[in-house]
Amino acid sequence: MKVLVINCGSSSLKYQVFDMDAEKALAKGIAERIGIDNSIIKHETSEGKKTVIHEILPDHESALELMLEALVSPKHGVFKKIEEINAVGHRVAHGGPYFSSSILITKEVKDKIRHLFELAPLHNPPNLVGIEAMERLLPGIEQVAVFDTAFHQTMPKYAYLYGLPYEFYEKYKIRKYGFHGTSHKYVAQRAGELLGRPWESLKIISCHLGNGASITAIKDGISLENTMGFTPLEGLIMGTRSGDIDPAIVSYIMEKENLNIEEMSDLLNKQSGVLGISGISSDFRDLEDAGLQGNERARLAIEMFVHDVKLHIGAYTAILEGLDVLIFTAGLGENGIDIRKMVCTEMDTLGIIIDEEKNKIRGKEAEISQEGAKTKVLVIPTNEELMIARDTKNIVLTR
Ligand code: ADP
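Computed from a predicted structure; not experimentally measured.

Before going further, it helps to spend a moment on the overall build of the protein. Tallying secondary structure elements over the protein gives 14 helices and 14 strands in all. Here the C-alpha atoms of the protein give a radius of gyration of 21 Å, agreeing with the 21 Å that 2.2 N^0.38 yields for 399 residues. Along the longest, intermediate and shortest principal axes, the C-alpha atoms of the protein span 55 × 55 × 45 Å. Per-residue burial over the protein gives 50% buried out of 399 residues. Partitioning the intrachain contacts of the protein with sequence separation of at least 6 by distance along the chain shows that 60% fall at a separation of at least 24.

Here we come to the domain arrangement of the protein. On domain assignment, one finds that the protein holds domain 1 (2-147) and domain 2 (196-384). On a C-alpha basis, the centres of domain 1 and domain 2 stand 29 Å from each other.

If you walk across this open sheet you meet the 6 strands as 11-10-9-12-14-13, and the pairing is mixed. Each of the sheet's edge strands pairs with one partner strand only, and the pair in question is strand 11 (222-226) and strand 13 (366-367). As paired strands, strand 12 (residues 325-329) and strand 14 (residues 376-379) are joined by 4 bridges and run parallel to one another. Opposite valine 325, over in strand 14, you have lysine 376 as the bridge partner. Of the strands in this sheet, strand 9 (204-209), strand 10 (213-219), strand 11, strand 12, strand 13 and strand 14 touch helix 6 (residues 181-195), which is tilted by about 125° from strand 12. The strands touched by helix 13 (residues 337-344) are strand 12 and strand 14; relative to strand 12, the strand with the most contacts, the crossing angle is about 155°.

Turning our eyes to something else, we now look at the packing of helix 11 (residues 296-320) against helix 13. For the pair helix 11 and helix 13, interaxial distance at closest approach is 9 Å and the crossing angle is 50°. One element, helix 11, and the other, helix 13, form an angle in the oblique class. As helix 11 runs across helix 13, the sense of the crossing is right-handed. Facing Ile302, Phe305, Val306, Val309, Lys310 and Ile313 of helix 11, the residues of helix 13 in contact are Ile339, Met342 and Val343. Per-class residue counts for the contact of helix 11 with helix 13 are 8 nonpolar, no polar and 1 charged.

Let us look at the packing of aromatic side chains. For the structure shown, the criterion picks out 8 aromatic pairs. On the basis of an interplanar angle of 35° and a centroid distance of 6.4 Å, the ring pair of phenylalanine 151 and tryptophan 199 is categorised as tilted. Pair noted here: phenylalanine 151 is in the loop between strand 8 (142-147) and helix 4 (157-160) and tryptophan 199 is in the loop between helix 6 and strand 9, with a separation of 48 residues, a long-range link. Accessibility classification places phenylalanine 151 together with tryptophan 199 in one group, the buried group. Seen in terms of ring centroids, tyrosine 160 and tyrosine 169 are 6.2 Å apart; in terms of plane orientation they differ by 50°. Their pairing is tilted. Linked through ring pairs, Tyr98, Phe99 and Phe147 together constitute an aromatic cluster. The ring of tyrosine 98 has lysine 112 lying over it, and the distance from NZ or CZ to the ring centre is 5.6 Å.

Moving on to the packing of helix 2 (residues 107-115) against helix 3 (residues 124-137). Packing of helix 2 against helix 3 leaves a shortest axis separation of 9 Å and a crossing angle of 155°. One way to sum up the angle between helix 2 and helix 3 is to call them roughly antiparallel. Here helix 2 and helix 3 pass one another in a crossing that is left-handed. Every residue of helix 3 that contacts helix 2 at Lys110, Ile113 and Arg114 is listed here: Asn124, Leu128, Ile131, Glu132 and Glu135. Considering only residue class, the contact of helix 2 with helix 3 consists of 3 nonpolar, 1 polar and 4 charged.

This part takes up unusual backbone geometry. In the Ramachandran plot, lysine 173 falls in the positive-phi region, its phi being about 55° despite a non-glycine side chain. Tracing the chain through its elements places lysine 173 in the loop between helix 5 (166-172) and helix 6. Residues other than glycine seldom take positive phi values, yet glutamate 321 does so here, at roughly 60°. Note on placement: glutamate 321 falls in the loop between helix 11 and strand 12.

Moving on to helix 1 (residues 60-72). Here helix 1 is 13 residues long and its end C-alpha atoms lie 19 Å apart, about the 18 Å a rise of 1.5 Å per residue gives. The complete set of buried residues in helix 1 reads His60, Ser62, Ala63, Leu64, Leu66, Met67, Leu68, Ala70 and Leu71. Buried residues along helix 1 sit against strand 1 (2-8), strand 2 (13-19), strand 3 (24-32), strand 4 (40-45), strand 5 (50-53) and helix 3.

Criteria and cut-off values
- Counting restarts for each chain, with residues numbered from 1 along the sequence as it is written.
- Note on the predicted model: pLDDT of at least 70 is required for a residue's local features to be given, and 80 or more for side-chain atom pairs to be given and counted; whole-chain, interface and lining totals, by contrast, use all residues.
- Here the side-chain values reflect all heavy atoms present in the structure, with hydrogen atoms and water set aside.
- Starting at the N terminus, helices and strands are each numbered in turn, a helix being any DSSP run of H or I of at least four residues and a strand any DSSP run of E of at least two.
- The globule rule is 2.2 Å times the number of residues to the power 0.38, and the radius of gyration it is compared with is taken over C-alpha atoms.
- Relative accessibility under 20% of the residue-type maximum defines a buried residue, over 50% an exposed one, and the middle range a partly exposed one, all with a 1.4 Å probe and only protein chains included.
- Whether two residues are in contact is decided by their heavy atoms: any pair within 4.5 Å suffices.
- In this entry, domain limits derive from an automatic or database-based domain assignment.
- For two strands to pair, DSSP has to find at least two bridges joining them.
- Whenever a helix is involved, its axis is fitted only over the stretch in contact; in every case the axis is a line through C-alpha atoms, and angles between N-to-C directions fall within 0 to 180 degrees.
- Any angle that falls under 35 degrees is termed roughly parallel, while one over 145 is termed roughly antiparallel, one within 65 to 115 roughly perpendicular, and all others oblique.
- In this scheme the handedness of a crossing depends on how the near helix is turned from the far one: anticlockwise by less than a right angle means left-handed, clockwise means right-handed.
- Gly is put with the polar residues, along with every residue not named as nonpolar or charged; the nonpolar set is Ala, Val, Leu, Ile, Met, Phe, Trp, Tyr, Cys and Pro, and the charged set is Asp, Glu, Lys and Arg.
- In this scheme Phe, Tyr and Trp rings, the latter by its six-membered ring, pair at centre separations within 6.5 Å, and the angle between planes marks the pair as stacked below 30 degrees, edge-to-face above 60, and tilted otherwise.
- Each ring is checked for a lysine NZ or an arginine CZ that lies within 6 Å of its centre and within 35 degrees of its normal; such an atom marks a charge sitting over the ring.
- Multiply 1.5 Å by the residue count of a helix minus one, and that product is the helix's expected span.

Written as structure tokens, this is what we have:
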């Protein structure tokens with residue numbers, strides 16, 4: 001079975017095609033600057049055939065059309081005809097309270113995704129655009145929605161409610177949803193495979209550390225807590241997002257700086273985080289370089305991030321009543337040798353002791369804990385696309 005996985009962002013679109021009989025990626029690509037000038041599509045097959053397409057992409061549908069052309073191109077395609085694609089899986093950011101697992105896309109499912117635009121204004125609209133464009137381009141093809149929030153729907157009510165008047169939960173569904181669920185579930189399952197134990201038997205903390213960063217507590221194969229909340233702004237300090245702050249700060253700054261809602265939201269989402277603290281970059285590579293050259297605020301930004309990660313590992317160990325496995329994933333988790341070392345320093349009370357030599361790896365699966373340490377520390381590159389392809393295959397085959 002061949003599955004096409006699509007992740008539609010506001011001005012970009014990532015895709016990957018899998019042969020799910022062998023769980024093998026065949027091709028992938030990214031379209032960028034959709035609806036802006038200088039649009040571009042970069043496409044490559046797993047055999048290394050690459051092409052770059054410079055064409056005007058007024059909308060997502062035109063990008064998807066070119067993607068399909070690339071996939072059947074005699075030069076750098078992977079199919080003879082497009083009908084070889086059996087199903088399409090879509091990443092959908094927000095499933096709200098409606099979806100606790102992936103689902104075959106129907107009119108009702110689309111209506112609910114639309115209903116959730118309010119909760120995820122940057123993500124759900126382009127996700128739905130991608131779904132509807134594929135319906136037109138490949139009529140009759142079965143499509144599956146895989147939600148970032150679904151894995152966290154198991155959080156207990158006392159964990160997901162905020163201390164606000166209860167009617168705001170009832171009226172507006174204001175609660176913690178949690179994000180990066182597909183990634184957290186993938187690495188947790190993979191940890192079980194690597195350790196040769198059922199993942200449902202392990203107490204796991206998974207740290208998805210990228211531009212957006214979140215941590216999840218997993219026990220009995222379900223998510224008990226995630227640092228992100230009603231939106232992906234809550235939790236850890238991130239590349240450009242503030243993470244947790246005292247909510248009273250919001251109205252205080254708005255008043256002092258005379259900011260409207262949009263400007264305040266922009267400040268919290270795009271100008272804060274380690275970028276805001278360091279004043280130089282949201283990228284940890286830049287911060288590490290600047291820190292080495294003596295930039296105090298770059299160092300401070302890294303220290304704040306590390307402090308936040310440690311804080312949540314401690315809290316989540318309490319919730320899990322112990323810790324068997326700590327996982328690092330996503331750009332920084334997979335590649336940030338120094339960050340991993342800093343997070344794991346002086347954590348032996350939680351059984352976390354890493355082997356500095358084993359820790360010197362980037363972008364590949366490895367156990368980095370010291371021989372005999374109580375908690376296994378693993379680096380596991382995430383693969384959200386494969387998870388989406390798996391769910392798509394399972395749902396289409398068992399419907
Ligand atoms: P997202 O998918 O949320 O945009 P990624 O998972 O791609 O983010 O992670 C991007 C981040 O990973 C970058 O901001 C950078 O800080 C970090 N990163 C990537 N490679 C390295 C590296 N070699 N060393 C340190 N940090 C890295």
